[in-house]
Amino acid sequence: MPIATVNPADGETLRTYEAMGEEEIERRIQLAEATFRTYRTTAFDERARLMRRAADILEADQDEIGRVITTEMGKPVKQARAEAAKCAKTMRWYADHAASLLADEEPAESDVKDSGASRALVRYRPLGPVLAVMPWNFPLWQVIRFAAPALMAGNVGLLKHASNVPQTALYLEDLFHRAGFPEGCFQTLLIGSADVDAVLRDERVRAATLTGSEPAGRAVAATAGEMIKKTVLELGGSDPFVVMPSADVDRAAEVAVTARTQNAGQSCIAAKRFIVHTDVYDAFVERFTEGMRALRVGDPMEEETEVGPLSSEQGLNDVMELVDDAKRSGATVLCGGERLEGPGWYYPPTVLADVTREMRIHREEAFGPVATLYRVTDLDEAVLIANDTDFGLSSNVWTRDDADVDRFVRDLEAGGVYVNGMTASHPAFPFGGVKRSGYGRELSGHGIREFCNITTVWHGA
């Protein structure tokens, strides 16, 4: 895949970039290793000062970088600006909290004495250069939620971004440079996927994080396992959105529309499978379908647009194949279901009913604005269908019954359970999944500690 900016709204190639050669890659890895030796000793106050400065710059740039994001991957420009603002908020959160999250921990005095020590503690130390392999769908956010904690912990970053967002990738390197971080703290590698393996095998690269597809995750995990390097993987998702009889159906249907179509449905944590109790099924489906049908699809640069194009022609074809397979297998199309006419890679908000386990869309992640509906008769069936997936990223549950909530929290196979609300990431809460959605956690204290050497320090009596 060429490294290029191709506008999804019309398919026009705007800019292309040459991939970096071996000599430039070597120079950058060497610089990362050299920078780490000194940056790792900087005080938290200094790292926080630099991170807050980067947040200020990003916030000032949000209109400009928002338009770049929209041009490169098709996100409505209002959503792109909001993404930039969220990144700035997260950078400040880590600037404020990193020191306390990584403070030395003192074991219980009785355990210290029992070990024969006069004193003992646990210290968090940075690992070194970390390779981040990042996707296009949230081209700022996916990077910042790695970079902010990693840099605050004293690590340095090497970014291999998706090949269709090169301008965003280069902006991120420039952002940290303008903020005053030492040269080599955060560098972008303009390389193709085929070059990732060699970078990860380099002994100076100490760990890796990847957000992306399951095949990409398998490849990175296999190499990292061979090299015995720490990895964090955030892969696909097919999140359930369960609506029970006690739910506020109007509110659930309203939120469901956003949960399915934000970023044109191109989100791992987007709700994709809508599992609705038969007592409220008809009411929910009527309101949900009305809301999906009413969304404004169009030019992502227009402020009124709610759903822009999919990011690529291949992405559009993938969604079309899943919907067409479902239709051939008996699914009922309640709205959408056909590619929109005209230039660009647009697909309309689509609702499919009568979905069965035999359909590909039941098993595979639909990375576009396509919702599948399931009617259930009780909580047991809802849990069964919700867990009937290889993925386990997050989940949404709508109910006013505390017993329902307890059961879903206990039994849903997911990294998050969001009750009467839509899954959303926040810097204070850990984010990640189970099963084929990956392993490890981003954000919160759990995220900043993922790439730390957790060191026991023991003093003899």
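A brief look at the structure comes next. Here the structure is a predicted model, which is why all the values come from computation and not from measurement.

### Structural notes on the overall build of the chain
Regarding its fold elements, the chain presents 15 helices and 19 strands. Taking the principal axes of its C-alpha atoms as reference, the chain extends roughly 70 × 60 × 40 Å. Expressed as a percentage of its 461 residues, the buried residues of the chain come to 56%. Summed over its atoms, the accessible surface of the chain is roughly 18,900 Å², and 49% of this surface lies on carbon and sulfur atoms.

### Here's the deal with the pairing of strand β12 (residues 350-353)
What you see with β12 is no split at all: Thr350 and Leu352 on one side and Val351 and Ala353 on the other are buried throughout. With three bridges joining them, strand β11 (residues 332-335) and β12 adopt antiparallel strand pairing. From the neighbouring strand, Thr332 faces β12, where its bridge partner is Ala353. Bridge count for β12 against strand β13 (residues 370-376) is three bridges, and the pairing is parallel. Bridging from a neighbouring strand, Thr350 pairs with Val370 of β13.

### Here's the deal with the packing of aromatic side chains
What the rule picks out here adds up to ten aromatic pairs. Here Phe274 and Phe288 contribute two aromatic rings whose centre-to-centre distance is 4.8 Å and whose plane-to-plane angle is 35°, an arrangement assigned as tilted. With Phe274 in strand β10 (residues 271-277) and Phe288 in helix α10 (residues 278-294), this pair connects stretches of sequence that are 14 residues apart. Assessed through its relative accessible area of 0%, Phe274 is described here as buried. Given a relative accessible area of 0%, Phe288 falls into the buried group. Against the face of Tyr39 rests Arg47, its NZ or CZ located 5.7 Å from the ring centre.

### A word on empty space enclosed by the protein
Counted by the stated rule, this structure contains four cavities of 30 Å³ or more. The calculated volume of the largest cavity comes to roughly 90 Å³. Together, 13 residues line the largest cavity, and Arg145, Phe146, Glu442, Gly447 and Phe451 are the ones closest to its centre. Where the lining of the largest cavity is concerned, the elements lending two or more residues are α5 (141-152) and α15 (444-449). If one sorts the elements of the lining of the largest cavity by residue count, α5 sits on top with four residues. Its residues assigned to classes, the lining of the largest cavity shows seven nonpolar, two polar and four charged.

### Description of helix α8 (residues 214-227)
With 14 residues, α8 extends 20 Å between its outermost C-alpha atoms, agreeing within 8% with the 20 Å of an ideal straight helix rising 1.5 Å per residue. By the burial criterion, the buried members of α8 are Glu214, Gly217, Val220, Thr223 and Ala224. Where α8 is buried, its residues touch α7 (196-201), β7 (207-211), β8 (230-234) and β14 (391-392). Measuring from the backbone nitrogen of Ala216 back to the side-chain oxygen at the start of α8 gives 3.2 Å, which picks out Ser213 as the cap. Looking at the residues trailing α8, positive phi occurs at Ile228, about 55°.

What counts and what doesn't
- Residues numbered from 1 in each chain as written.
- Predicted model: local features only at pLDDT ≥ 70, side-chain atom pairs only at ≥ 80, totals over all residues.
- Heavy atoms only, no water.
- Helix = DSSP H or I, 4+ residues; strand = E, 2+ residues; numbered from the N terminus.
- Buried < 20%, exposed > 50% of the residue type's maximum accessible area, 1.4 Å probe, protein only.
- Areas by Shrake-Rupley, 256 points an atom, 1.4 Å probe, with all protein chains shown as cover.
- Pairing = 2+ DSSP bridges.
- Phe/Tyr/Trp six-rings, centres within 6.5 Å; stacked < 30°, edge-to-face > 60°.
- Lys NZ or Arg CZ within 6 Å of the ring centre and 35° of its normal.
- 1 Å grid on protein atoms, 1.4 Å probe; cavity = no way out; pocket = protein on both sides within 12 Å on 5 of 7 lines; lining within 4 Å.
- Points joined across faces, edges and corners; volume = space filled by probe spheres on them.
- Nonpolar A, V, L, I, M, F, W, Y, C, P; charged D, E, K, R; others polar.
- Expected span 1.5 Å × (residues − 1).
- Contact = heavy atoms within 4.5 Å.
- Polar contact = N/O pair within 3.5 Å; in protein donor to acceptor, adjacent residues only side chain to side chain.

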